[in-house]
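Spelled out from the first residue to the last, the chains are:
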Amino acid sequence: MTDVTGAPADVLHTLFHSEQGGHEQVVLCQDRASGLKAVIAIHNTALGPALGGTRFYPYANEAEAVADALNLSRGMSYKNAMAGLDHGGGKAVIIGDPETIKSEELLLAYGRFVASLGGRYVTACDVGTYVADMDVVARECRWTTGRSPENGGAGDSSVLTAFGVFQGMRASAQHLWGDPTLRGRKVGIAGVGKVGHHLVEHLLTDGAEVVITDVREESVRRIQDKHPSVQAVADTEALISTEGLDIYAPCALGGALNDASVPVLTAKIVCGAANNQLAHPGVEKDLADRGILYAPDYVVNAGGVIQVADELHGFDFDRCKAKASKIFDTTLAIFARAKTDGIPPAAAADRIAEQRMAEARRR
């Protein structure tokens, strides 16, 4: 069944009638000359202009791309609220394989679409897009962050994303074991690309034992060439069942915590950089029932968005790092709220974020 535009009707149902919807605006973008097909989703602007990255990914179909944009933009509303930013949530996805269709012409066309929103949406990097891409987009759109320092930007936001995740891990260790250090703990990282390889450095410096996996052999090789003590396993399935694992850090794509992975997790803490780690509602309770402490993804991975938001006001790395360090305190506050309310940490984080957005609407 389709609607009048030919889009699957279940997408419109999600947008207008489900709890996963409620978005203010969804824009479908197409530029035939460059091959651009994109979706820009603005979830909530109660706190300010929507801010979120651009994902460039070879989706199986357009409906999948729209659904991802809706989910990711909603997540950005909560992330920005919990990070204390004066920004709402938005996200864009470009449909296609960036290795084959990404071009200057396409990125410029995308920049024009973002610019047409007049500042309601501020874009940045995400999976499949990089600092150099944002430099191109910025030529057509002043509401672009994640640019290179040479072009007035802050550069690679994955540096502070990893730092924030590390702070979330420290808070989780403090809550569960009474000590914020990761020394002597075994941490498994799934995905050692943009963010994961920086996280490895933080953990090794703190004295942790690190186990990694990645679908890209070159990413694993880069880590092991520099740090021979780091162990690698074949895949995520092997990683999550590693004996003696203390912390599991999903740092690739979403949906890592699902009906198949949660029952076999050996770790006592889950804290990683990936967005939308919970595959469906109810997984957070499954984790709690197994005694696994979950640090909400959109809270601990907010270092990157803190960095790109700061870029809009004249970037200062030390100021950003100080803000990102507060992820430690925010994570502890969420665990305390979860205990008080008798709910999983993910639900506690949602309540705090929703309260901030509701208060902003009343002003």
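Once a new chain begins, its residue numbering starts again from 1 and follows that chain's sequence as written. For a predicted model such as this one, the threshold for reporting local features is a pLDDT of at least 70, and the threshold for listing and counting side-chain atom pairs is 80 or more; totals across whole chains, interfaces and linings nevertheless cover every residue. The side-chain values count all of the structure's non-hydrogen atoms but skip hydrogen atoms and water molecules.

1. Section: the packing of helix 6 (residues 158–177) against helix 7 (residues 196–205)
When two helices pack together, their arrangement is given by the angle between the helix axes and by the axis-to-axis distance.
Piece 1. Axes here mean lines fitted to C-alpha atoms, for a helix over just the part in contact, with angles spanning 0 to 180 degrees between N-to-C directions. Secondary structure elements are taken from DSSP: a helix is a run of H or I of four residues or more, a strand is a run of E of two residues or more, and numbering for both begins at the N terminus. Between helix 6 and helix 7, whose axes approach to 8 Å, the crossing angle comes to 45°. Here helix 6 lies oblique to helix 7, going by the angle between them. Where helix 6 crosses over helix 7, the handedness of that crossing is right-handed. Residue-level inspection shows Ser158, Val159, Ala162, Phe163, Val165, Phe166 and Met169 of helix 6 in contact with helix 7, the latter providing His198, Leu199, His202 and Leu203.
Piece 2. Residue composition of the contact of helix 6 with helix 7, by class: eight nonpolar, three polar and no charged. An angle below 35 degrees is treated as roughly parallel, one above 145 as roughly antiparallel, one from 65 to 115 as roughly perpendicular, and anything else as oblique. The crossing is said to be left-handed when, going from far helix to near helix, the turn is anticlockwise and less than a right angle, and right-handed when the turn is clockwise. By the convention used here, residues are in contact when the closest approach between their heavy atoms is within 4.5 Å. Side-chain classes are defined by residue name, with Ala, Val, Leu, Ile, Met, Phe, Trp, Tyr, Cys and Pro counting as nonpolar, Asp, Glu, Lys and Arg as charged, and the others, Gly among them, as polar.

2. Quick notes on helix 7
Piece 1. For every residue, the accessible area (1.4 Å probe, protein chains only) is compared with the maximum for its type, and the residue is labelled buried under 20%, exposed over 50%, or partly exposed between those bounds. The set of residues buried in helix 7 consists of Gly196, His197, His198, Leu199, Val200 and Leu203.
Piece 2. For helix 7, the elements touching its buried residues are helix 6, strand 7 (186–190), strand 8 (209–213), helix 8 (217–226) and strand 10 (247–250).
Piece 3. Residue Gly207 follows helix 7 closely and has a positive phi angle near 95°.

3. Regarding the environment of Ala60
Piece 1. Mapped onto the secondary structure, Ala60 falls in the loop between strand 4 (54–57) and helix 2 (62–82).
Piece 2. Judged by relative accessible area, Ala60 falls into the exposed class, the value being 65%.
Piece 3. Taking the C-alpha atoms as reference, Ala60 lies 9.0 Å from Gly96; in sequence the two are 36 residues apart.

4. A few points about the sheet that holds strand 9 (residues 231–232)
Piece 1. At least two bridges found by DSSP between two strands are what make those strands a pair. Within the open sheet, the six strands sit side by side as 9-8-7-10-11-12. Their pairing is parallel. The open sheet terminates on both sides in strands that have one partner only, identified here as strand 9 and strand 12 (293–294).
Piece 2. Both strand 10 and strand 11 (residues 269–270) contribute to a ladder of two bridges, which runs parallel. Residue pairing across strands places Tyr248 opposite Val270, the latter belonging to strand 11.

5. A word on the packing of aromatic side chains
Geometry of an aromatic ring pair is reported as the spacing of the ring centres plus the angle between the planes.
Piece 1. Planes of paired rings set the category: under 30 degrees apart is stacked, over 60 is edge-to-face and the rest tilted, where pairs are Phe, Tyr or Trp rings (Trp by its six-membered ring) whose centres lie within 6.5 Å. Inspection of every chain in the model, using the stated rule, returns three aromatic pairs.
Piece 2. Considering the side-chain rings of Tyr57 and Tyr59, the 5.1 Å spacing of their centres and the 70° angle between planes classify their relative orientation as edge-to-face.
Piece 3. Tyr57 sits in the partly exposed class, given a relative accessible area of 29%.
Piece 4. Take Tyr59: its relative accessible area is 9%, and that puts it in the buried class.
Piece 5. The aromatic ring of Trp177 is capped on one face by Arg185, whose charged end is 3.8 Å from the ring centroid.
Piece 6. Note on criteria: charge over ring means Lys NZ or Arg CZ within 6 Å of the ring centre, with the direction from the centre no more than 35 degrees off the ring normal. Sitting over the ring of Tyr130, Lys194 keeps its end group 4.3 Å from the ring centre.

6. Looking at the environment of His23
Piece 1. When you line up the elements, His23 lands in the loop between helix 1 (9–17) and strand 1 (25–31).
Piece 2. Given a relative accessible area of 11%, His23 falls into the buried group.
Piece 3. The contact partners of His23, leaving out residues within four places of it in the chain, are Leu15, Ala41, Ile42, His43, Leu70, Ser73 and Arg74.
Piece 4. N or O atoms closer than or at 3.5 Å make up a polar contact, with two conditions inside protein: a donor-capable atom paired with an acceptor-capable one, and, for residues adjacent in sequence, both atoms drawn from side chains. A polar contact is formed between the side chain of His23 and the backbone oxygen of Leu70, at a distance of 2.9 Å.

7. Examining the side chain of Asp133
Piece 1. Tracing the sequence through the fold places Asp133 in helix 5 (residues 131–137).
Piece 2. Sequence-distant contacts of Asp133, defined by excluding residues within four places in its chain, comprise Lys102, Leu107 and Gly128.

8. Considering unusual backbone geometry
Piece 1. Phi at Asn276 is positive, roughly 50°, even though this residue is not glycine.
Piece 2. Position of Asn276 relative to the elements: it lies in the loop between strand 11 and helix 10 (283–289).

9. Examining helix 2
Piece 1. One less than the number of residues in a helix, times 1.5 Å, gives the span that helix is expected to have. Taking 1.5 Å as the rise per residue, helix 2 with 21 residues should run 30 Å; its terminal C-alpha atoms sit 30 Å apart, in good agreement.
Piece 2. By the N-cap criterion, in which a side-chain oxygen at the helix start approaches the backbone nitrogen of a residue two or three places on, helix 2 is capped by Asn61, the distance to Ala63 being 3.2 Å.
Piece 3. Of the residues trailing helix 2, Gly84 is marked for its positive phi of about 75°.

10. A short note on the side chain of Lys79
Piece 1. By secondary structure assignment, the location of Lys79 is in helix 2.
Piece 2. Asp and Glu count as negative and Lys and Arg as positive, but His and the ends of the chain are not part of the count. By definition, a salt bridge exists where a carboxyl oxygen of Asp or Glu is found within 4 Å of a side-chain nitrogen of Lys or Arg. There is no salt bridge for the buried Lys79, and the closest opposite charge comes from Asp126, which lies 6.7 Å off by N-O distance.
Piece 3. Setting aside its immediate chain neighbours within four residues, Lys79 contacts Asn275, Tyr298, Asn301, Ala302 and Val305.

11. Digging into the pairing of strand 7
Piece 1. Counting buried residues in strand 7 gives five out of five residues, a clear majority hidden from the surface.
Piece 2. Covered by surrounding structure in strand 7 are Lys186, Gly188 and Ala190 together with Val187 and Ile189, the residues of both alternating faces.
Piece 3. Here strand 7 runs beside strand 8; their pairing, made up of five bridges, is parallel. Bridge pairing in strand 8 links Ala190 to Thr213.
Piece 4. Strand direction decides the pairing type here: strand 7 and strand 10, joined by four bridges, are parallel. Considered in strand 10, the bridge of Ala190 is made with Pro250.

12. Details of the pattern of salt bridges
Piece 1. The final tally for this structure, using the stated rule, is 19 salt bridges.
Piece 2. Here Arg147 makes a salt bridge to Glu311, at a shortest N to O gap of 2.9 Å. Separated by 164 residues along the polypeptide, Arg147 in the loop between helix 5 and helix 6 and Glu311 in helix 12 (residues 303–311) bring together distant segments of the chain.
Piece 3. Exposure remark for Arg147: the relative accessible area of 18% places this residue in the buried category.
Piece 4. One connected set of salt bridges, linked through shared partners, spans Arg55, Asp68, Lys91 and Asp126.

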